[in-house]
Amino acid sequence: SAPPLRLGEPEAVATAAETLASPATQQLRFPSLSHGLTALAVTIGALGVVGGGAGLAWGSSRDVVGLLGMMLLVGGGQALSLELMDVVGSIPVSVVGLLAGAVLFDYRAALPLAVTTAVVDWSARRTSLRHVGYTVGSLSLACLAAAGVFEAGVATAGPRTLATWLFGTVAG
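Once a new chain begins, its residue numbering starts again from 1 and follows that chain's sequence as written. Where local features are concerned, this predicted model is filtered to residues with pLDDT of at least 70; where side-chain atom pairs are given and counted, the filter is 80 or more; whole-chain, interface and lining totals use all residues. Each side-chain value is derived from all of the structure's non-hydrogen atoms; neither hydrogens nor water enter the calculation.

*Asks:* How would you sum up the pattern of salt bridges? Please name residues and give values.
*Replies:* Salt bridges are identified by distance alone: a Lys or Arg side-chain nitrogen within 4 Å of an Asp or Glu carboxyl oxygen. A complete count under the given rule lists one salt bridge for this structure. We note a salt bridge from Arg125 to Asp121, for which the minimum N-O separation is 3.0 Å. Within this pair, Arg125 and its partner Asp121 are both found in helix 6 (residues 110-125), separated by four residues, close to a single helical turn. A residue is classified by how much of its surface remains accessible, and Arg125, at 43% relative accessible area, is partly exposed. The buried category is assigned to Asp121, whose relative accessible area is 8%. Where helices and strands are cited, they refer to DSSP runs of H or I of at least four residues and of E of at least two residues respectively, numbered from the N terminus. Type-normalised accessible area, obtained with a 1.4 Å probe on protein chains alone, sets the label of each residue: buried when under 20%, exposed when over 50%, and partly exposed for intermediate values.

Here you go:
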């Protein structure tokens, strides 16, 4: 049997390049979506971006420094979770940050935190623009929904009550 190729050898580089360029690999890395599924992904992305923009414009929170700090924490957590994904599996750190942002900064947190998460994810994985748009939209919609549920709990039961905590749990 032939000795194993080492990564620095020209034959190994050529073999790796041929493997990545093969049609089977391209199909695995860049799957084609049906027109209906593509339309759904684009719709979710667009609704999330528009809703997040509306939340950013008309939300009641005015704590810009706190929101910037939350964006740094969410971005750092997402980067750390991507680093640990190979070791311990997927960790939905960004979702925890989005929920915390929804509680602390209401609707204004949706779009900035969703964009932060998607950009960090894109920088690590280099996903398609379609995937980035879907990620921003879906995370923004999730954060808007969580902020709405939490706000409904505060409006219904008042702050600092067990019912508000339960609404916050349901929002998660």
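*Asks:* Hey, could you go over the confidence of the model for the protein chain for me, with residue numbers and the actual values?
*Replies:* A score from 0 to 100, pLDDT tells how confident the predictor is in each residue. Mean pLDDT over the protein chain stands at 75; residues scoring 70 or higher make up 66%. Looking over the protein chain, one finds the lowest element-wise mean pLDDT in helix 2 (residues 23-29), namely 44, and the highest in helix 6, namely 89.

*Asks:* Requested: an account of the nonpolar core, with residues and values cited.
*Replies:* With 19 residues, the main nonpolar core has Ala109, Leu113, Val136 and Cys143 as its most contacted residues. Elements supplying a minimum of two residues to this core: helix 4 (64-88), helix 5 (93-105), helix 6 and helix 7 (129-157). The leading source of residues in this core is helix 7, at seven residues. Filtering out sequence-adjacent residues up to four positions away, Leu113 remains in contact with Met70, Met71, Val74, Gly97, Leu98 and Gly101. Here the nonpolar core consists of buried residues drawn from Ala, Val, Leu, Ile, Met, Phe, Trp, Tyr and Cys, with membership extended through side-chain atoms lying within 4.5 Å. Should any heavy atoms of two residues lie within 4.5 Å, those residues are considered in contact.

*Asks:* Residues and numbers for the packing of helix 3 (residues 35-58) against helix 7, please.
*Replies:* Relative orientation of the contacting elements helix 3 and helix 7 amounts to 50°, with a least axis distance of 7 Å. It follows from the interaxial angle that helix 3 and helix 7 lie oblique. For helix 3 against helix 7, the interelement crossing comes out left-handed. Residue-level inspection shows Thr38, Ala41, Ile44, Gly45, Leu47, Gly48, Val49, Gly51 and Gly52 of helix 3 in contact with helix 7, the latter providing Arg130, Gly133, Tyr134, Val136, Gly137, Ser138, Ser140, Leu141 and Leu144. Residues belonging to the contact of helix 3 with helix 7 are distributed by class as follows: eight nonpolar, nine polar and one charged. What counts as an axis is a line fitted to C-alpha atoms, over the stretch in contact for a helix, and the angles between N-to-C directions run from 0 to 180 degrees. For classification, angles of less than 35 degrees are called roughly parallel, those exceeding 145 degrees roughly antiparallel, those between 65 and 115 degrees roughly perpendicular, and all remaining angles oblique. What makes a crossing left-handed is the near helix being turned counterclockwise from the far one by less than a right angle; a clockwise turn instead makes it right-handed. Only Asp, Glu, Lys and Arg are considered charged in this grouping, and only Ala, Val, Leu, Ile, Met, Phe, Trp, Tyr, Cys and Pro are considered nonpolar; every other residue, Gly among them, is considered polar.

*Asks:* Account for the environment of Ala100, naming residues and giving values.
*Replies:* With respect to the helices and strands, Ala100 occurs in helix 5. For Ala100, a relative accessible area of 28% translates into the label partly exposed. Spatially, the C-alpha atom of Ala100 lies 9.7 Å from that of Val74, the residues being 26 residues apart in sequence.

*Asks:* Could you give me a rundown of the packing of aromatic side chains, with the residues and numbers involved?
*Replies:* Pairs were defined over the aromatic rings of Phe, Tyr and Trp, the Trp ring being its six-membered one, requiring ring centres within 6.5 Å. Orientation was assigned from the angle between planes: stacked under 30 degrees, edge-to-face over 60, tilted for the rest. A full pass over the atoms with the stated rule returns zero aromatic pairs. Seen from the ring of Trp122, Arg126 lies directly overhead, with NZ or CZ sitting 4.3 Å from the centre. Any Lys NZ or Arg CZ that is within 6 Å of a ring centre and within 35 degrees of that ring's normal is treated as a charge sitting over the ring.

*Asks:* Can you break down helix 7 residue by residue, with the values?
*Replies:* One turn of an α-helix holds 3.6 residues; hence residues three or four places apart share an orientation. Relative to the 42 Å expected for 29 residues at 1.5 Å per residue, helix 7 spans 42 Å between its end C-alpha atoms, a close match to the ideal helical length. Among the residues of helix 7, Val132, Thr135, Val136, Gly137, Leu139, Ser140, Cys143, Leu144, Ala146, Ala147, Phe150 and Gly153 are the ones counted as buried. Here the expected length of a helix is defined as 1.5 Å per residue gap, with one fewer gap than residues.

*Asks:* Could you give me a rundown of helix 6, with the residues and numbers involved?
*Replies:* Between its first and last C-alpha, helix 6 extends 22 Å over 16 residues, near the 22 Å set by a 1.5 Å rise per residue. Within helix 6, burial applies to Ala110, Leu111, Pro112, Leu113, Ala114, Thr116, Thr117, Ala118, Val120 and Asp121. At the exit of helix 6 stands Arg126, carrying a positive phi of roughly 55°.

*Asks:* Please give an account of a nonpolar patch on the surface that cites residues and values.
*Replies:* What goes into a patch is any residue over 30% in relative accessible area without a salt bridge, connected to like charges within 9 Å or, for nonpolar side chains (Val, Leu, Ile, Met, Phe, Trp, Tyr), within 5 Å. Surface accessibility in these figures is a Shrake-Rupley result with a 1.4 Å probe; residues are shielded only by whichever protein chains are displayed. Residues Leu33, Leu37 and Leu40 make up a contiguous nonpolar surface patch of roughly 250 Å² in combined accessible area. A relative accessible area of 44% means that Leu37 is categorised as partly exposed.

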